[in-house]
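The chain contents come next:
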Amino acid sequence: MTEILRGEHLRREYRIPGQRSPLVAVDDVSLSVSSGEIVGLVGESGSGKSTVSRMLVGIEQLTSGDLYFDGKPVRSRGDFRTLREDVQYVFQDPYGSLAPHLTVRQTVGDSLDLRGLGTPKERDDRVAQVLEEVGLRAADAKSYPAVFSGGQRQRISLARALIMQPRLIICDEITSGLDVSVQAQILNLLLELRDRLDVAYIFVSHDLRVVKYLSDRIIVMKQGQIVEEGAVEQIFAAPNAEYTRDLIAAVPHFDPTRGSTAAL
Ligand SMILES: Nc1ncnc2c1ncn2[C@@H]1O[C@H](COP(=O)(O)OP(=O)(O)OP(=O)(O)O)[C@@H](O)[C@H]1O
Ligand SMILES: [Mg+2]
């Protein structure tokens, strides 16, 4: 497996007005993801999952630490531009993350249009192709987000992420607001796309069931730090940290003897 992206000793502090010491949202986190791999990032609310994942794509500043993309340091604006073509970020909120006044064609094809890649016809064709890849119809291109359900909107967000043929997609709680059955459809779509397009994911979620279903490897965060990481089976069979044991115990209907994802 080829390493795509690596963060070393990532730290993010926020200045809080009226407070002397900064809030340390991410504290010395090192992680990496390789081609075709699915890394689950879990932890309670406020543990720093979103901050880390946003730092990895350069939409959140690093207070300190280093990023490496394809083994090369990412420092300049140009480095981050290159990274952003191959590493996409999909947000949680299927309602807020799509511009309501833009058609699906405009939203999904935005990266191609901005860069003027190909002819207008070729760009339309590519949009139609990615829409079909995520289980929508080519004809959906002319519609506006308002007519789509939450699950369909996340498919549109995924289509937008896929248009530049990224090698890694960071999914931040992308199934959180969805019904369980719709969630399962999106998770299966992610697996299918991984097999078909050889794309890797960092899948951020506070829902261990979902993470277990999807991931090859799990990273557990607490208060800005990594408290545990390892292969999925290993973490579920023998969690080291008490915190991880608590997270596992908190999963509804989780039957450790079967190790199954009953609700999925
Ligand atoms: N822009 C900001 N300004 C100040 N503090 C912030 C900011 N963004 C995040 N934080 C703080 O950093 C910490 C980590 O937040 P983060 O959003 O990364 O957690 P999370 O694990 O993604 O949580 P959730 O599961 O709720 O999405 C929290 O204490 C949060 O309040
Ligand atoms: Mg978050």
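Residues numbered from 1 in each chain as written. Chains lettered and ligands numbered in written order. Predicted model: local features only at pLDDT ≥ 70, side-chain atom pairs only at ≥ 80, totals over all residues. Heavy atoms only, no water.

1. Here we look at the sheet that holds strand β1 (residues 3–14)
Then step 1. Taken in spatial order, the four strands line up as β2-β1-β4-β5 in an open sheet, and their pairing is antiparallel. Each of the sheet's edge strands pairs with one partner strand only, and the pair in question is β2 (23–34) and β5 (72–73).
Then step 2. Bridging between β1 and strand β4 (residues 64–69) involves five bridges; their strand directions are antiparallel. Along β4, the bridge assignment pairs Arg6 with Tyr68.
Then step 3. Running at roughly 125 degrees to β1, helix α1 (residues 49–56) makes contact with β1, β2 and β4 of the sheet. (Pairing = 2+ DSSP bridges. Helix = DSSP H or I, 4+ residues; strand = E, 2+ residues; numbered from the N terminus. Contact = heavy atoms within 4.5 Å. Axes fitted to C-alpha atoms, helices over the stretch in contact; angles between N-to-C directions.)

2. Comments concerning the packing of helix α5 (residues 150–162) against helix α6 (residues 180–197)
Each pair of packed helices can be described by the angle between their axes along with the distance between the axes.
Then step 1. Remark: α5 packs on α6, axes separated minimally by 10 Å, with the N-to-C direction vectors making an angle of 20 degrees. Considered as vectors, α5 and α6 are oriented roughly parallel to each other. For the crossing formed where α5 meets α6, the hand is right-handed. Contacts between α5 and α6 involve Gly151, Gln154, Arg155, Leu158 and Leu162 from the former and Val182, Gln185, Ile186, Leu189, Leu190, Leu193 and Leu197 from the latter.
Then step 2. Along the lines of polarity and charge, the residues of the contact of α5 with α6 split into eight nonpolar, three polar and one charged. (Parallel < 35°, antiparallel > 145°, perpendicular 65-115°, else oblique. Left-handed = near helix turned anticlockwise from the far one by under 90°. Nonpolar A, V, L, I, M, F, W, Y, C, P; charged D, E, K, R; others polar.)

3. Quick look at the packing of aromatic side chains
Then step 1. Summed over all chains, the structure comprises one aromatic pair.
Then step 2. When the centroid spacing of 4.9 Å and the interplanar angle of 80 degrees are considered together, the rings of Tyr89 and Phe91 count as edge-to-face.
Then step 3. In this structure, Arg6 packs its charged tip against the face of Tyr68, placed 4.7 Å from the ring centre.
Then step 4. Between Lys212 and the ring centre of Phe236, over which it is positioned, the NZ or CZ distance is 5.1 Å. (Phe/Tyr/Trp six-rings, centres within 6.5 Å; stacked < 30°, edge-to-face > 60°. Lys NZ or Arg CZ within 6 Å of the ring centre and 35° of its normal.)

4. Some thoughts on the confidence of the model for the protein chain
Then step 1. On average, the protein chain scores 91 in pLDDT, and the residues at 70 or more come to 94%.
Then step 2. Confidence drops under a pLDDT of 50 for residues 254–263, and excluding neighbours within four residues, the segment shows 14 contacts in the predicted structure. (pLDDT = per-residue confidence, 0-100.)

5. Here's the deal with the site of ligand 1
Then step 1. The environment of ligand 1 is made up of Tyr14, Leu23, Ala25, Glu44, Ser45, Gly46, Ser47, Gly48, Lys49, Ser50, Thr51 and Glu173.
Then step 2. Between Ser45 and ligand 1, the recorded distance is 2.5 Å, taken from a side-chain N or O atom to an oxygen atom.
Then step 3. A distance of 3.2 Å is found between an oxygen atom of ligand 1 and a backbone nitrogen or oxygen belonging to Ser47.
Then step 4. Isolated, ligand 1 exposes 640 Å² of accessible area, and the fraction of that covered by the protein chains is 61%.
Then step 5. Among the secondary structure elements, those contributing two or more residues to the shell around ligand 1 are β2 and α1.
Then step 6. Per element, the largest residue contribution to the shell around ligand 1 is three residues, and it comes from α1.
Then step 7. When the residues that make up the shell around ligand 1 are grouped by side-chain class, the tally is three nonpolar, six polar and three charged. (Near = heavy atom within 4 Å. Polar contact = N/O pair within 3.5 Å; in protein donor to acceptor, adjacent residues only side chain to side chain. Areas by Shrake-Rupley, 256 points an atom, 1.4 Å probe, with all protein chains shown as cover.)

6. So, the pattern of salt bridges
Then step 1. In the structure shown here, the tally under the stated rule is 20 salt bridges.
Then step 2. With a closest N to O distance of 3.0 Å, Arg12 and Glu60 form a salt bridge. With Arg12 in strand β1 and Glu60 in the loop between α1 and β4, the pair connects residues that are 48 residues apart, well separated along the chain. Residue Arg12 shares its accessibility class with Glu60, and that shared class is buried.
Then step 3. In this structure, Arg194 and Asp216 form a salt bridge, with 3.2 Å as the shortest nitrogen-oxygen distance. Of this pair, Arg194 sits in helix α6 while Asp216 is found in the loop between α7 (208–214) and β9 (217–222), placing the two residues 22 residues apart along the sequence.
Then step 4. In this structure Arg194 comes out as buried when scored by relative accessible area, which is 17%.
Then step 5. What you see here is one network of salt bridges that share partners, running through Arg105, Asp113, Arg123 and Asp124. (Salt bridge = Lys/Arg side-chain N within 4 Å of Asp/Glu carboxyl O. Buried < 20%, exposed > 50% of the residue type's maximum accessible area, 1.4 Å probe, protein only.)

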